[in-house]
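Read off the chains here:
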Amino acid sequence: MWRLALRTLKFRRTSFVATFLAMFLGAAIVIGCGGLMETGVRMAADPQRLQGAPVVVTGEQTYDSTALTERHRIDPGLVGKVARADGVRTAVGDVSLPATVLKDGKPVTGESASYGHGWASARLTPYTLAVGGSPAAGGEVVLDSGLADRADARPGSSVDIVVQGTTRRFRVSGIAEHRGDRNPDAAVFFTDDEARTLAGGRIDSIGVLPAAGKSVTTVADAVRSAVGDHAEVLTGEQRGLAELPGTLPSKRTVVILAAVFGSSVVLIVMFGVASTLGLSLQQRAREMALLRAVGSTPQQLRRMILTETAVLSVGSVLLALLPGWAIGRMLYGVLTSSGVVSPEIVYHCGWIPMAVGAIVTVLAAAGATRFAGRRAARTEPVAALAEATAGTSWFSVTRLLLALFFLANGIGLAIATTTMEDSPTLASTAGPASVLFCIGLALLAPGITKAMVALLRLPVRALSGLSGHLALRNAATANVRMAGAVAPIVLLIGIATGTLYMQSTEDHVSKRSYDQNILAQYVLDSTTGGFAPGVVDRVRTTPGVAAASEFVTSRGFVDRPDGPADADLRGVSADGVRQSLDLPVVAGSLTGLRGDTVALSDKKAREYGLKVGDRLPMHLGDGTAVRPTVVALYADNPKQEYLTLPAATLAPHTGDGLPPQILVRAAPGSGTEVHDRLAALAARVPGTELDDSSSLAGRNNQIQQILVSANYTIVAMIVGYAAITVVNTLVAVTRKRRAEFGLQRLTGATRAQVLRMLTVEGVLIGVIATVLGTIASATTIVPYSLVKSDSYLPSGSIGIYLAIVGGSLLLVFGATLLPSWRGMRSPAVDTVKAA
């Protein structure tokens, strides 16, 4: 049986190459998505500045199993507890705060950041003094060698450093160089007392150095017992998370992204492998019939087919392991470049994703072999020969039930989408709807194709003459073959159209909503860690400025009886918020946003059961519990559902501790002079940039759509796989028909007439696939647009749809006409003999 299977593979290379490519690419894509999933689940980061500490203690970065978005700092008193734990040689408290070195009034680090720390934590990298001495008193600092070179600093010289939004002059006591394997961010070292004072009296983490002869595991267990529930103890590649506060929320994003697209990829790959292998077996119907006629049993045929499939599956999976790893690495690179994941997060693609890719590919091939080969194996020899000549029957109860299953689930997801509120999870139900519906239509494609060919008969005959007549006859007598070409194109058009218009709708709605919400014309950005409290007052007193408001964004949690609910937080200044943001007040007053207060939409207030004067129990992004008093309710904007707090209250609970932006509303008739005055003010505040408010809207849109590049990359990968499936299918079908074309030429047809017939067939395939693909994409587009914009039609150019359809038609014509033209270069007699 093995010898027969291998000889069959040798003499049917074209169809088996197509099947092999479908399996190989499918396995690689599934492995890539699996690697992305494993990376998100593990969410590990190699330490940079703390690489010299085998054990790191840091604040608990979750609240009620929900990841915090800001750093949760810890009590300095824990340093003593950790130091007394068994096996600990040294415990060093570490703080990290923005500290920007200036030269000629401008930051020397450019777009990169520099951070201040206590000198005792230098050993955790480790840093060692290259020149000079350690900071011995307040007002002294040690600079790392890179900063010192850019600032032209040396021991004994003075440098200006922006810290806590204020420029201060420090004396350089020494220059340090790091000795670790990795390059940490640029560092400024203060005395330990001064660093802790600048950080607000709390610390970020504790680096633990084990005593000689003590294992890291033993020391870590002892430290966990010492700190209890007050902190988290990290070892190995998890230590890097202590340097990346706010990273854990991206874990959920990556896992959801990998799960949503991974499930779609699995379905598409299984369909692609099954359809390609099924087509290959259908084309071998005459061969199977002859084997049955000469005495082969159904069991022998099944074993032969399974052996062929096993050889192809094992070979394709083994070759796909390395490309699958590379695909996952590419997807990870897209996520890091778009800001979804920190580049310090380690990419992992171990044996589990590779096993999943292998299993999916083998199961798809085995399933296709079972269903497609069962009929040939069971049919009686005489009936098999007759059927191979007349054509293959496509309908079965199993096929119908599968088709109804996929169609029903696609429609169910579409209906579920229309009943949901606008949220980031909306795409997780809308996107897969078109995938499932496409697969359901593809399963019924032979019957649908036959019906649509009958409907198109009159216009095709009228427009294409004899070529159309021949194409219609071929489509009517070989509807299963034509359906095999239609199905992957339906998948391509349905997925591409649904996903791209879903994204364009999201982009349009988000940008329009934010543009309408921002009333300010200008925005000041700080690149040095935020603005000191007095800067906004200086902006307000600038001639031509009508109002100015500090602006802070974060995420927190509203405490509810059924658990914490995520909430977007926005910090503003009471004196300028009404002129800077469009917040139509329906109760209370925004001027009361001072101290421990909050304002929220009337819809949220009803949801939480609140009114003006009530207290709202919540936790801020760093886990701090607060109960602000509701001072105002404003009209709900479903696209901008923020809770609004005073900037002075929210900013200290963010990473930098200060407002990073100031919104500015110009007075009517102030002209361009106000821009020039604001630019002059920005030049006097180190690290300040002036831009118009459209840039703020653009940055918000980038935040809202931070997954766009990853989304497009994965969709392009899926569409690319579908396109390859289309080409495989059409090329295999066309090569199989070479004898048919030879007979037509022997009976008087010219090459041009044969190509015109194929062109008409291609048009029929394109029209049928476009109609079905468009219907399938509507299960994603319509419900998503209804929820997002109350419209049945998506936002976006019609050019997107035309490009998808046009690209699909190019694939159809390229994969049929080119192989046919090349095949007809041989004499017709030789072509018929070869069959």
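Residues numbered from 1 in each chain as written. Predicted model: local features only at pLDDT ≥ 70, side-chain atom pairs only at ≥ 80, totals over all residues. Heavy atoms only, no water.

### Brief notes about the pattern of salt bridges
Here is the rule we go by: Counted as salt bridges are all cases of a side-chain nitrogen of Lys or Arg within 4 Å of a carboxyl oxygen of Asp or Glu. Only DSSP runs of H or I covering at least 4 residues are called helices, and only runs of E covering at least 2 are called strands; the numbering of each starts at the N terminus. Under the scheme applied here, a residue whose accessible area is under 20% of the maximum for its type counts as buried, over 50% as exposed, and between as partly exposed, the area being computed with a 1.4 Å probe on protein chains only.
As enumerated under the stated definition, the model contains 20 salt bridges in all. Note that Arg-224 is salt-bridged to Asp-221, the shortest N-O span being 3.2 Å. Of this pair, Arg-224 and Asp-221 are both found in helix H6 (residues 216-227), three residues apart, which corresponds to roughly one turn of the helix. Judged by its relative accessible area of 37%, Arg-224 is partly exposed. One salt bridge in this structure joins Asp-537 and Arg-540, with 2.9 Å as the shortest N-O distance. Remark: Arg-540 and Asp-537 occur in helix H16 (residues 533-540); sequence separation between them is three residues, near one turn of the helix. With a relative accessible area of 24%, Arg-540 lands in the partly exposed category. The network of salt bridges with common partners includes Glu-38, Arg-42 and Glu-237.

### Looking at the packing of helix H12 (residues 397-418) against helix H13 (residues 426-443)
Test applied: All axes are obtained by fitting lines to C-alpha atoms, using only the stretch in contact for helices, and the reported angles, taken between N-to-C directions, cover 0 to 180 degrees. Throughout this description, any angle smaller than 35 degrees is read as roughly parallel, any larger than 145 degrees as roughly antiparallel, any in the 65 to 115 degree range as roughly perpendicular, and the remainder as oblique. In this scheme, a crossing is called left-handed if the near helix is turned counterclockwise away from the far one by less than a right angle; it is called right-handed if the turn is clockwise. Contacts are assigned to residue pairs with any non-hydrogen atoms lying within 4.5 Å of each other. Side-chain classes are defined by residue name, with Ala, Val, Leu, Ile, Met, Phe, Trp, Tyr, Cys and Pro counting as nonpolar, Asp, Glu, Lys and Arg as charged, and the others, Gly among them, as polar.
Contact geometry of H12 with H13 gives a least axis separation of 7 Å together with a crossing angle of 155 degrees. Relative to H13, H12 is oriented roughly antiparallel. Classified by chirality, the crossing of H13 by H12 is left-handed. Counting all contacts with H12, which are made through Arg-399, Leu-402, Ala-403, Phe-406, Leu-407, Asn-409, Gly-410, Ile-411, Leu-413, Ala-414 and Thr-417, the residues of H13 involved are Leu-426, Thr-429, Ala-430, Pro-432, Ala-433, Leu-436, Phe-437, Ile-439, Gly-440, Leu-441, Ala-442 and Leu-443. When grouped by side-chain class, the residues that make up the contact of H12 with H13 number 17 nonpolar, five polar and one charged.

### Remarks on the sheet that holds strand S1 (residues 55-58)
Filter applied, for reference: Pairs of strands are assigned from DSSP output, requiring at least two bridges between the strands.
Taken in spatial order, the four strands line up as S4-S13-S1-S14 in an open sheet, and their pairing is antiparallel. Every interior strand has two partners, whereas the edge strands, strand S4 (88-94) and strand S14 (232-235), have only one. Within the sheet, the average angular offset between the axes of one strand and its neighbour, ignoring direction, is 25 degrees. Across four bridges, S1 lies against S14 in antiparallel orientation. By the bridge assignment, Thr-58 is partnered in S14 with Glu-232. This element, H6, spans S1, S4, strand S13 (205-210) and S14 of the sheet and lies at about 170 degrees to S14.

### Focus on the nonpolar core
The condition that has to hold: To form a nonpolar core, buried Ala, Val, Leu, Ile, Met, Phe, Trp, Tyr and Cys residues must be joined to one another through side-chain atoms within 4.5 Å.
Core analysis: the largest hydrophobic core is formed by 99 residues, its most contacted members being Leu-36, Val-273, Ile-345 and Val-486. Per-element tally for this core: the top contributor is helix H15 (residues 479-517), with eleven residues. Leu-36 has contacts with Val-254, Leu-257, Ala-258, Leu-331, Tyr-332, Leu-335 and Tyr-347, leaving out every residue within four places of it along the chain. With 42 residues, the next largest nonpolar core counts Val-79, Ala-151, Val-163 and Ala-231 among its residues.

### What about the pairing of strand S12 (residues 186-190)?
For S12, the buried fraction is high: five of the five residues fall into the buried class. Alternating residues of S12 divide into Ala-186, Val-188 and Phe-190 and Ala-187 and Phe-189, and every residue in both groups is buried. The pairing of strand S7 (residues 114-118) with S12 spans five bridges and is parallel. Residue His-117 lies in a different strand from S12, and its bridge partner there is Phe-189. Inspection of the sheet shows strand S9 (residues 140-144) paired to S12 by two bridges, in the antiparallel sense. Following the sheet pairing, Val-142 is matched in S12 by Phe-189.

### Digging into H16
Note the cut-off: Arc, as used here, means the arc of the directions from the helix axis to the C-beta atoms.
Buried within H16 are the following residues: Val-535, Val-536 and Val-539. Considered in projection along H16, the buried side chains sweep an arc of 95 degrees and stay on one side of the axis. Tucked inside the fold, the buried residues of H16 contact strand S15 (522-526), strand S16 (545-558), strand S24 (661-666) and helix H20 (673-684).

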